[in-house]
Amino acid sequence: MATTKLGFIVQRPPYKSENPKLALTHAIASQSVEVYLNDGDIVTAEVAFIGDGVLNCLKDQKATEHYDISSTESHIKMSLLVDVKVFVCKEDLAKFGLTENDIVMDAEEFGADMTVSVVPFQEINKMMEDVNHLLFF
Amino acid sequence: MGKLTIGCFSSLVGSMSLDFAVKLAAAAIDKGHKVDFWVSGNGTMLSIKDQRSFKDYSSLEKPLKELMAKGLNVTACEACAEARGYHKDITMEGFKRHSMDWYLASTFSADRVLHIGGE
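Residue indices follow the written sequence of each chain, beginning from 1 at its first position. Chains carry letters and ligands carry numbers; both start at the beginning, A for chains and 1 for ligands, and go up in the order they are written. Reporting of local features is limited, given that this is a predicted model, to residues whose pLDDT is at least 70; pairs of side-chain atoms are given and counted only at 80 or more, and all residues count toward the totals for whole chains, interfaces and linings. Computation of side-chain values: all heavy atoms of the structure, hydrogens and water removed.

Engineer: Explanation requested: the overall build of chain A in the structure shown.
Structural biologist: A helix here means a DSSP run of H or I that spans at least four residues, while a strand means a run of E at least two residues long, and both kinds are numbered starting from the N terminus. Along the backbone of chain A there are five helices and five strands. Listing every helix and strand of chain A by position from the N terminus yields β-α-β-α-α-β-α-β-α-β. As a reference, a globule follows 2.2 Å times the number of residues to the power 0.38, and the radius of gyration itself is taken over C-alpha atoms. For 137 residues, the compact-globule estimate of 2.2 N^0.38 gives 14 Å, and the C-alpha radius of gyration of chain A, at 15 Å, lies within 12% of that figure. Judged by the C-alpha coordinates and their principal axes, chain A covers about 45 × 35 × 30 Å. The contact criterion used throughout is that any non-hydrogen atoms of two residues lie within 4.5 Å. Long-range pairs, those at least 24 residues apart, make up 78% of the contacts in chain A with a sequence separation of at least 6. Only the protein chains shown count as cover for residues, and all accessible areas are computed by the Shrake-Rupley method using a 1.4 Å probe. Total accessible area on chain A is roughly 6,900 Å²; 49% of this is exposed by carbon and sulfur atoms. Note on charges: Lys and Arg go in the positive column, Asp and Glu in the negative column, and His and the chain ends are not counted at all. Lysine's charge is taken at NZ, arginine's at CZ, aspartate's at CG and glutamate's at CD. In chain A, 11 positive and 22 negative side-chain charges are present, and the distance between their average locations comes to 6 Å.

If you want it as C-alpha cells, here you go:
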C-alpha cells in the first residue's frame, strides 16, 4: 500500500489557454486511478492557483452563456466534490484587488464537504515540497 | 534503471516542446530507462498517422515509431483527441488512447515526472 502525491500548480489565466481546465480535469482523474494500480495504492491530487492563475477562481463565470462550454469555476467545484484539495494564493489574490468574496470557495450545491483554502504562498510552497511530483500548468 | 513519465500538452506543429520531449524520451531509452509518454490537449496531434513531412514543420512519426519499437509506451488522452476529431481510425499504430487517470497511474511508479504544459 502506497500513496503518490501530485501537486498541480496553475499559473495561467482562464480561457486564454486550455491549461487551467486540463489541470483540473487531470486532478479530478485521481479519483479513478485505482483501476490501474494494485489494491491499496492510490494517487492523490492537490491543486494550487498562483499568479495569474488565481483568476480561474472568480465566481459567477459565464462560459456556458458566452462560449457554450463548461466553466473553470464548475471544474473547481467538481474538484471539491471529489475531495481534491484546492489552494489559492492569498498574496496573488490581493494583487488583483480580490478577496474570498470574489472567488468560488465551496460547492455546497453539489454536496461537497471540501472548501477552497486561501493561504499565504508560504503554505503553497510547503505543499510543493510535500508532494512527490509537481505539474505546472 | 529508472522509470520516467513524460507528459506533454503542446502541439506538434506550432511548438517545439514535443520535439524536445521525444528527444528526451529517446535519450532515456538509450540509457536503458523505461519511459511512459502521455500527450493531452493539443499534444494529441502527435497521435495522428500519415502526417505529411515538410522541412518547415516538426514531423515525429518516424522517430516515434522507432522509439515504440524500442519499448516506448505512448498514450494519448482519448477525450482530448476526440474533441479535436482525431479518431481511432487515424491514430498511429501502437499509440494507445486512454482517459486521464492513465497518466496519473503512470506517475505512481515513476522515479521522475516531467510535465510540459501546453501553449
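Now that the structure has been shown, the text picks up again.
Engineer: Looking at this structure, how should I read the pairing of strand β5 (residues 133-136) of chain A?
Structural biologist: Within a regular beta strand, the side chains point alternately toward one face of the sheet and then the other, so they alternate between its two faces. All names here are of chain A. In this scheme, a residue with accessible area under 20% of its type's maximum is buried, one over 50% is exposed, and one in between is partly exposed, where area comes from a 1.4 Å probe on protein chains only. Side chains His133 and Leu135 project from β5 onto a buried face, and the interleaved Leu134 and Phe136 project onto a face without burial. Here the rule is simple: two strands pair whenever DSSP picks up at least two bridges between them. As paired elements, strand β1 (residues 3-10) and β5 share four bridges and run parallel to each other. Bridge pairing links Leu6 to His133 in β5.

Engineer: Would you take a moment to explain the interface of chain A and chain B for this structure?
Structural biologist: Interface size is commonly expressed as the accessible surface area that is lost when the partners come together. Contact residues are listed per partner, giving 27 residues for chain A and 25 residues for chain B. Regarding the contact of chain A and chain B, the summed buried area is about 1,900 Å², with carbon and sulfur atoms giving 66% of it. Once two parts are joined, some of their accessible surface, as seen by a 1.4 Å probe, is lost; buried area is that loss totalled over both. The largest per-residue losses of area from chain A upon contact with chain B belong to His26(A), Tyr36(A) and His133(A), which jointly make up 32% of the total buried on that side. What counts as a salt bridge is simple: a side-chain nitrogen of Lys or Arg found within 4 Å of a carboxyl oxygen of Asp or Glu. Counting every contact that joins chain A to chain B gives one salt bridge. In this structure, Glu18(A) and Arg84(B) form a salt bridge, with 2.6 Å as the shortest nitrogen-oxygen distance. Side-chain atoms alone can form a polar contact between residues adjacent in sequence; in general such a contact is a pair of N or O atoms within 3.5 Å, and within protein one must be able to donate a hydrogen while the other accepts it. Remark: the boundary between chain A and chain B carries six residue pairs in polar contact (both at pLDDT 80 or more).

Engineer: Explain the sheet that holds strand β4 (residues 96-98) of chain B to me, please; I cannot follow it from the model alone.
Structural biologist: Sheets are built from strands that pair by backbone hydrogen bonding, the pairs being arranged parallel or antiparallel. All names here are of chain B. Ordered by their spatial adjacency, five strands build an open sheet running β4-β3-β2-β1-β5, and the pairing between neighbours is parallel. If you trace the sheet from one side to the other, it starts and ends with β4 and β5 (112-116), each paired once. Shown here is a sheet whose adjacent strand axes are inclined to one another by a mean of 20°, direction ignored. The sheet contact formed by strand β3 (residues 73-77) and β4 spans three bridges and is parallel. Within β4, the position partnered with Ala76 by the bridge is Arg97. Only the contacting stretch of a helix is used when fitting its axis, a line to C-alpha atoms as for every element, and angles between N-to-C directions run 0 to 180 degrees.

Engineer: Honestly, the packing of aromatic side chains in this entry has me stumped. Any pointers?
Structural biologist: Geometrically, a pair of aromatic rings is defined through the distance of the ring centres and the angle of the planes. All names here are of chain B. Note on ring pairs: Phe, Tyr and Trp rings are taken, using the six-membered ring of Trp, and paired if centres are within 6.5 Å. Classes follow the plane angle, with under 30 degrees stacked, over 60 edge-to-face and the rest tilted. On inspection of all chains with the given rule, the structure shows seven aromatic pairs over all chains. Plain terms: the ring middles of Phe9 and Tyr103 are 6.4 Å apart, the flat faces sit at 55° to each other, and that makes the pair tilted. Of this pair, Phe9 sits in the loop between β1 (3-8) and α1 (17-30) while Tyr103 sits in helix α4 (residues 101-108); the two residues are 94 residues apart in sequence, bridging distant segments of the chain. Just as Phe9 is buried, Tyr103 falls in that class too. Taking 5.8 Å as the distance between ring centres and 25° as the angle between the ring planes, the aromatic pair formed by Trp38 and Trp102 counts as stacked.

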